[in-house]
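Residues per chain are reported as follows:
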Amino acid sequence: MTTFIELFLGGLSIGSVYALIALGFVVIFKATEVVNFAHASLLLAGGYVTAVLHDDLGFWPALAVGIAGAAVVGSAVEYLVMRRYRGADHSVLAIVTIGVDILLTTELTRRIGTDVLALGDPWGDRVVNIGAITIAQTRIAAFVAAALLITAFLLAFRYTSWGVAMRAAAEKPETAALMGVRLGRVSLAAWAVAGSLAAVAALFLTVFPTPGLERATSLAALKAFPAAILGGLDSTTGALAGGLIVGVTESFATGYQSELSFLGGGIGDLAPYLVMLAVLLARPAGLFGTKELVRV
């Protein structure tokens with residue numbers, strides 16, 4: 001029972017981090033109806049800036065610069081690349097984001113090389129013992145930080161003028177533009193928010209028990225993609241639910257891998273995609289996604 005509870009709590013923690021990444025996918029999709037495959041490179045960029053600067057600036061200032069840096073990179077991608085293709089087919093724009101991801105990831109992995117970079121977090125390898133249950137402080141910090149950020153985003157999305165503009169742009173972009181909503185600003189802000197969330201996620205993906213930031217860190221965004229899809233790519237609530245589902249599923253599949261040996265090795269990495277496929281077979285739009293009705 002102790003193992004079960006530890007795996008469940010660990011799954012909630014890493015799932016909340018996946019939810020941050022999934023929320024970045026959802027924000028950009030709601031603003032532009034484009035699936036952003038460059039999200040992994042935004043995550044890597046934010047983590048790299050934090051890792052490089054923490055010795056000189058200290059952890060918290062370096063993290064702030066890393067978050068701002070990822071937001072700037074996201075904004076630059078939108079302004080310099082995506083805006084030039086405005087009006088193009090959404091599938092074409094998705095392919096463009098793949099090209100952007102290749103360019104950014106190639107440059108960042110060249111800079112990282114074979115090193116494993118520490119981000120200088122203040123929690124180290126300390127753990128908290130609650131009876132027989134042991135959980136790393138980094139996992140607790142990840143859950144709390146993700147909960148605060150997601151709550152702040154949902155409140156802003158619902159009650160601020162930016163949130164109203166984004167909801168209007170997602171619902172009827174042509175009508176929103178006629179009513180004075182500047183779609184370019186909405187798109188730019190969405191990319192900046194997605195970059196910021198990715199930078200925070202990069203921190204908690206690279207602290208204990210993970211050794212640090214490395215070239216493969218960006219692959220974590222691929223685990224958050226099923227979270228966004230199964231939750232519903234146009235649903236902020238779905239991003240949260242999807243992240244937690246994927247995190248808990250991965251944690252249990254990895255923790256009980258010996259009992260699941262008949263399924264083959266590495267089932268923990270495959271489990272999120274299996275869950276995504278199972279959900280999509282029952283609900284093609286995802287758990288909270290919007291079904292599109294077409295009159296014929």
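Following both chains from N to C, one finds helix H3 (residues 59-80) and helix H8 (residues 183-206) inclined at 145°, their axes separated by 7 Å at the closest point. Between H3 and H8 lies a crossing of right-handed hand. For the pair H3 and H8, contact is made by Phe59, Leu63, Gly66, Ile67, Ala70, Ala71, Gly74, Ser75, Val77, Glu78 and Tyr79 and by Gly184, Ser187, Leu188, Trp191, Ala192, Gly195, Ser196, Ala199, Val200 and Leu203, respectively. For the contact of H3 with H8, the residue count by class is 13 nonpolar, seven polar and one charged.

Within this structure, the stated rule accounts for four salt bridges. Note that glutamate 107 is salt-bridged to arginine 110, the shortest N-O span being 2.7 Å. Here glutamate 107 and its partner arginine 110 are both found in helix H4 (residues 90-112), three residues apart, which amounts to about one turn of the helix. Residue class for glutamate 107 comes out partly exposed when judged on its relative accessible area of 29%. The exposed category is assigned to arginine 110, whose relative accessible area is 57%. Residue glutamate 107 is joined to arginine 111 by a salt bridge in which the shortest nitrogen-to-oxygen separation is 2.9 Å.

Here we take up the packing of aromatic side chains. The description of an aromatic ring pair rests on the distance of the ring centres and on the angle between the ring planes. All chains considered together, the criterion is met by 10 aromatic pairs. With a centroid separation of 5.7 Å and an interplanar angle of 45°, the aromatic rings of phenylalanine 37 and phenylalanine 225 are classed as tilted. Residue phenylalanine 37 is found in the loop between helix H1 (2-32) and helix H2 (39-57), and its partner phenylalanine 225 is found in helix H9 (residues 220-231); the two are separated by 188 residues along the sequence. By relative accessible area, phenylalanine 37 is classed as partly exposed at 34%. The exposure class assigned to phenylalanine 225 is partly exposed, which follows from its relative accessible area of 22%. Their ring planes at 70° and their centres at 5.9 Å tell us that phenylalanine 153 and tryptophan 162 sit as a pair that is edge-to-face. You can call tryptophan 162 partly exposed: its relative accessible area is 22%. Among the aromatic residues, those joined into a cluster by ring pairs are Phe59, Trp60, Trp123 and Phe204. Here arginine 84 stacks its cationic end above the ring of tyrosine 79, 5.6 Å away from the centre of that ring.

What counts and what doesn't
Residues numbered from 1 in each chain as written. Predicted model: local features only at pLDDT ≥ 70, side-chain atom pairs only at ≥ 80, totals over all residues. Heavy atoms only, no water. Axes fitted to C-alpha atoms, helices over the stretch in contact; angles between N-to-C directions. Helix = DSSP H or I, 4+ residues; strand = E, 2+ residues; numbered from the N terminus. Left-handed = near helix turned anticlockwise from the far one by under 90°. Contact = heavy atoms within 4.5 Å. Nonpolar A, V, L, I, M, F, W, Y, C, P; charged D, E, K, R; others polar. Salt bridge = Lys/Arg side-chain N within 4 Å of Asp/Glu carboxyl O. Buried < 20%, exposed > 50% of the residue type's maximum accessible area, 1.4 Å probe, protein only. Phe/Tyr/Trp six-rings, centres within 6.5 Å; stacked < 30°, edge-to-face > 60°. Lys NZ or Arg CZ within 6 Å of the ring centre and 35° of its normal.

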